[in-house]
Amino acid sequence: MPTKIKLINLPTGYQTVINNGRHSILGDEPTNSKGTDLGFSPTDLILSSIGMCKVATVRFIARKNNWEIGNVEAELDQVVKRGEDGKLSTTIKVAISIEGNINDEQRQELLNQADACYVHRMIEGDWNIEKAKNLNQVEFV
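Residues numbered from 1 in each chain as written. Predicted model: local features only at pLDDT ≥ 70, side-chain atom pairs only at ≥ 80, totals over all residues. Heavy atoms only, no water.

A.B. asks: Looking at this structure, how should I read the pairing of strand β3 (residues 24-27)?
C.D. replies: Every regular strand shows the same layout, with side chains that alternate between the two sheet faces. In the sheet, strand β2 (residues 16-19) pairs with β3 via 4 bridges, with the strands oriented antiparallel. Its bridge partner being in β3, Asn-19 is matched across the sheet by Ser-24. Joining the antiparallel neighbours β2 and β3 is a turn of 4 residues, in which Gly-21 adopts a positive phi near 95°. (Pairing = 2+ DSSP bridges. Helix = DSSP H or I, 4+ residues; strand = E, 2+ residues; numbered from the N terminus.)

In structure tokens, the structure reads:
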């Protein structure tokens, strides 16, 4: 099923209500960008998506294999560089901690599976982001 996200940008700062039809979150920009810093920034949301997919994948694979794990924690950090042609190049560093009664081989398998999570593969794949159109003149299916 395709994912559909609706956004409403409010007049205060850059506050944006982000809704998927079931849940809502607030996005914003930091105060140094004239936002109100009351929500995640767009880059925070991208890193969060990657990180959540990785830790959820670890939990999924552990459950599938009946491996006993506790908390799964991740930290992600990004460095963005602008090339001479103006294109951006992004490096994301990922560290994951897995608590539990597992051996080194199982832990490594969980980390390997985290690197093959859906969002990681999606971001590394081909993208076609269409140019923005007037919402009042577009019908999504």
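Picking up after the structure, the text goes on.
A.B. asks: It is not clear to me how the nonpolar core should be interpreted in this structure. Could you clarify?
C.D. replies: Nonpolar side chains in soluble globular proteins tend to end up buried together. By size, the foremost hydrophobic cluster in this structure holds 10 residues: Val-58, Ile-61, Ala-62, Trp-67, Ile-69, Val-72, Ile-98, Ile-102, Leu-110 and Ala-114. Within the residue set of this core, elements represented by two or more residues are α1 (42-64), β4 (69-82) and α2 (104-114). Looking at this core element by element, the count peaks at 3 residues for α1. (Core = buried A, V, L, I, M, F, W, Y, C linked by side-chain atoms within 4.5 Å. Buried < 20%, exposed > 50% of the residue type's maximum accessible area, 1.4 Å probe, protein only.)

A.B. asks: What exactly am I supposed to notice about α2 here?
C.D. replies: Note that an α-helix has 3.6 residues per turn; residues three or four places apart therefore point the same way. Turning to α2, its buried residues are Gln-106, Leu-110 and Ala-114. One side of α2 holds all its buried residues, which, seen down the axis, span an arc of 85°. Opposite the buried face of α2, by more than 90 degrees, sit the exposed residues Asp-104 and Glu-105. (Arc of directions from axis to C-beta.)

A.B. asks: Honestly, the layout of surface pockets in this entry has me stumped. Any pointers?
C.D. replies: If a probe as big as a water molecule is rolled over the atoms, it shows which places are left empty. As a volume, the second largest pocket reaches approximately 290 Å³. Elements represented by at least two residues in the lining of the second largest pocket include exactly α1, β4 and β5 (88-100). Here the lining of the second largest pocket gets 4 residues from one element, more than from any other, and that element is β5. Its residues assigned to classes, the lining of the second largest pocket shows 4 nonpolar, 4 polar and 1 charged. (1 Å grid on protein atoms, 1.4 Å probe; cavity = no way out; pocket = protein on both sides within 12 Å on 5 of 7 lines; lining within 4 Å. Points joined across faces, edges and corners; volume = space filled by probe spheres on them. Nonpolar A, V, L, I, M, F, W, Y, C, P; charged D, E, K, R; others polar.)

A.B. asks: Sorry if this is basic, but what is going on with α1 here?
C.D. replies: Between the first and last C-alpha of α1 there are 33 Å, a value that for 23 residues agrees with the 33 Å anticipated at 1.5 Å per step. Looking only at α1, the buried set comprises Leu-47, Ile-50, Gly-51, Cys-53, Lys-54, Thr-57, Val-58, Ile-61 and Ala-62. Looking at the buried residues of α1, the elements they touch are β4, β5, α2 and α3 (118-124). Immediately downstream of α1, the backbone of Asn-66 shows phi near 55°, a positive value. (Expected span 1.5 Å × (residues − 1). Contact = heavy atoms within 4.5 Å.)

Shape descriptors only; they carry no functional weight alone.
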